[in-house]
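The chain contents come next:
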Amino acid sequence: MATPTLQVALDLLELDRAVEIADEAVRGGADWIEAGTPLIKSEGMQAVRALRERFPGHEIVADMKIADTGAVEVEMAAKSGAGIVCILADADDTVIAEAVRSARKYGVRIMADLINVADPVSRSRELAALGVDYINAHVGIDQQMIGKSSLDLLRRLAGEVGTPVAVAGGLDAETASEAVAAGASIVIVGGNIIKAADVTGAAQRVRNAIDRPEIRPREEESRDAVIRRLFEAVSAPNVTDAMHRKGAMAGVVSLCGRKKAVGPAVTVRTVAGDWAKPVEAIDVAGPGDVLVISNDGRKDVAPWGELATHSAKNRGVAGVVIDGAARDIDDIREMGFPLFATATVPNAGDPKGLGEINTEIACCGQEVRPGDWIVADESGVVVVPRERAYEVARRAMEVKKTEERIREEIRRGKTLSEVSELLKWEKRR
Ligand SMILES: O=C([C@H](O)CO)[C@H](O)[C@H](O)COP(=O)(O)O
């Protein structure tokens, strides 16, 4: 079998950065360079021209995701220097046929992108009959965030399709090995190369994995375990960024320094500092849960203190968040327990049993339901609706990765404004 091709997907908005990153990826062993769809939308065909000029010895792929006017769009990309042009596999046959005719005329090849195709095997056969040169088993970035896998799609095509198959969608060095073993001729990697601080190193790791595939048995991980692992690896700001700046509680701060709390919420509503329900909730909570207590924001009376913390710690509770005050902060800090509150006060309420456990509550401006995920660190507390927890955790990890490359570019001397091209992207009115 011929050595599989490594294609780096430049899914960026800024052409200068894309060229710099492509340069580093090529040094790491990337063969083909893809002007990604976001880059083409941001910079137009100039992106393809610039890559053609900078990398005369490399194949340039234009990820146009063509949906209509197949001939014209292929012509544009071909005349700008692309050798391969990507079309949506779901486009009408008339579009595919026109794209293929145009490709033959201009001496380029067509790659059909299976993103969102209902029956990928039959469609791949039809595409082959229409003259498409490559099939791309692609799971898009938004689809990846809800757990769809490009390897699963690739495996469905194995042995069914005669056309060379590419694979794209969230691949890294480990999954690139599996992709080659599953029959991919072209391995397309975006985020896991272009977002790395060391792009060359990241490309090299994928290159090695492709050239010497090594399959390690993977341990099955439950969804909740993935959510916890990802939330523990990111920050509360990464999480709000992933939620379009939503979910942050207002006015609540960490009282125990750099302690982080991650876990599903056990909610408590109490009244006037009554500490019965908060303390009973410790027995309701399982290890790894976070107690979220609403005391209606009252700062004059505390429903939580050192003895409750001691008990919660024994039970393995991951942290406590209070819309209101806590006390015994010096002792709690010494215990190293993650406690977040809006105030401190020495005064406790009486245990009368007012309030409820595990009902929907309002806490520091956010609605919290039992089982919603809490991510709390020194920046504050974020609540993630339970049905979106997996997706938000995946997106938060992407936010973190994107920042790694930006941080590296600032370290090399660019300003943040330059890296993000702030002036260009100011909202026009
Ligand atoms: O085609 C892509 C996506 O639709 C954005 O345009 C990506 O290039 C492709 O998914 C590869 O990128 P990663 O999934 O980040 O590896």
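Note that this is a predicted model, so its numbers are computed, not measured. (Residues numbered from 1 in each chain as written. Predicted model: local features only at pLDDT ≥ 70, side-chain atom pairs only at ≥ 80, totals over all residues. Heavy atoms only, no water.)

## Some remarks on the site of the ligand
- In the vicinity of the ligand there are 15 residues, among which D11, H138, G170, G190 and G191 approach most closely.
- At a separation of 2.9 Å, an oxygen atom of the ligand approaches a polar side-chain atom of Q144.
- Here an oxygen atom of the ligand and a backbone polar atom of G191 are 2.8 Å apart.
- When isolated, the ligand has an accessible area of 400 Å², and the protein chains bury 90% of it.
- Looking at the shell around the ligand, the elements with two or more residues in it are helix 2 (37–43), strand 3 (59–66) and helix 7 (141–144).
- Classifying every residue of the shell around the ligand gives 4 nonpolar, 7 polar and 4 charged. (Near = heavy atom within 4 Å. Polar contact = N/O pair within 3.5 Å; in protein donor to acceptor, adjacent residues only side chain to side chain. Areas by Shrake-Rupley, 256 points an atom, 1.4 Å probe, with all protein chains shown as cover. Helix = DSSP H or I, 4+ residues; strand = E, 2+ residues; numbered from the N terminus. Nonpolar A, V, L, I, M, F, W, Y, C, P; charged D, E, K, R; others polar.)

## Re the pattern of salt bridges
- Here the structure, examined in full by the defined rule, presents 45 salt bridges.
- R405 is the partner of E24 in a salt bridge, and the nearest nitrogen-oxygen pair spans 3.0 Å. Of this pair, E24 sits in helix 1 (residues 15–27) while R405 sits in helix 17 (residues 389–411); the two residues are 381 residues apart in sequence, bridging distant segments of the chain.
- Given a relative accessible area of 1%, R405 falls into the buried group.
- Beyond isolated ion pairs, a larger network of salt bridges with shared partners links E14, R17, E20, E24, R405, E408, E409, R411, R412 and K414. (Salt bridge = Lys/Arg side-chain N within 4 Å of Asp/Glu carboxyl O. Buried < 20%, exposed > 50% of the residue type's maximum accessible area, 1.4 Å probe, protein only.)

## Some points on unusual backbone geometry
- Backbone geometry at N116 places phi at a positive 65 degrees, although glycine is not the residue there.
- Among the secondary structure elements, N116 is positioned in the loop between strand 5 (109–113) and helix 6 (120–130).
- One non-glycine residue, D328, lies in the positive phi region at around 60 degrees.
- Relative to the helices and strands, D328 is located in the loop between strand 12 (319–326) and helix 16 (329–335).

## Structural notes on the state of the cysteines
- The tally for this structure, following the rule as stated, stands at 0 disulfides.
- Of all cysteine sulfurs, the one in C364 lies closest to C256, which takes part in no disulfide; the gap is 16 Å.
- For C256, a relative accessible area of 8% gives the class buried.
- Free cysteine C363: the closest other cysteine sulfur is in C364, separated by 4.2 Å.
- Using a relative accessible area of 0% as the deciding quantity, one classes C363 as buried. (Disulfide = S-S within 2.5 Å.)

## A word on the UniProt feature "domain: Orotidine 5'-phosphate decarboxylase" (unreviewed entry) in the chain
- As annotated by UniProt and renumbered to match this structure, "domain: Orotidine 5'-phosphate decarboxylase" (unreviewed entry) occupies residues 5–206.
- Structurally, residues 5–206 is divided into 49% helix and 20% strand, and its ends, taken at the C-alpha atoms, are 11 Å apart. (UniProt positions renumbered as here; feature names shortened; annotations may be inferred.)

## Examining the pairing of strand 5
- Within strand 5, 4 of the 5 residues are buried, leaving the element largely enclosed by the surrounding structure.
- One ladder, built from 5 bridges, connects strand 4 (residues 84–88) with strand 5; its direction is parallel. Across the sheet, residue I87 finds its bridge partner in strand 5, namely A112.
- Between the parallel pair strand 4 and strand 5, the chain is carried across by helix 5 (residues 93–106), and the sense of this crossover is right-handed.
- The pairing of strand 5 with strand 6 (residues 134–138) spans 3 bridges and is classified as parallel. The partner of A112 across the bridge, within strand 6, is I135.
- In the classification by handedness, the crossover that spans strand 5, the intervening helix 6 and the parallel strand 6 is right-handed. (Pairing = 2+ DSSP bridges. Right-handed = clockwise from strand over helix to strand, strands pointing away.)

## So, the pairing of strand 7 (residues 165–168)
- Going residue by residue along strand 7, you find V165 and V167 tucked away on one face and A166 and A168 tucked away on the opposite face as well.
- Sheet topology places strand 7 next to strand 8 (residues 186–189); 3 bridges connect them, and they run parallel. Across the sheet, A168 pairs through a bridge with I188, a residue of strand 8.
- Handedness of the β-α-β unit built from strand 7, helix 9 (residues 173–181) and strand 8 comes out right-handed.

## Here's the deal with the environment of I406
- Secondary-structure assignment places I406 in helix 17.
- Using a relative accessible area of 22% as the deciding quantity, one classes I406 as partly exposed.

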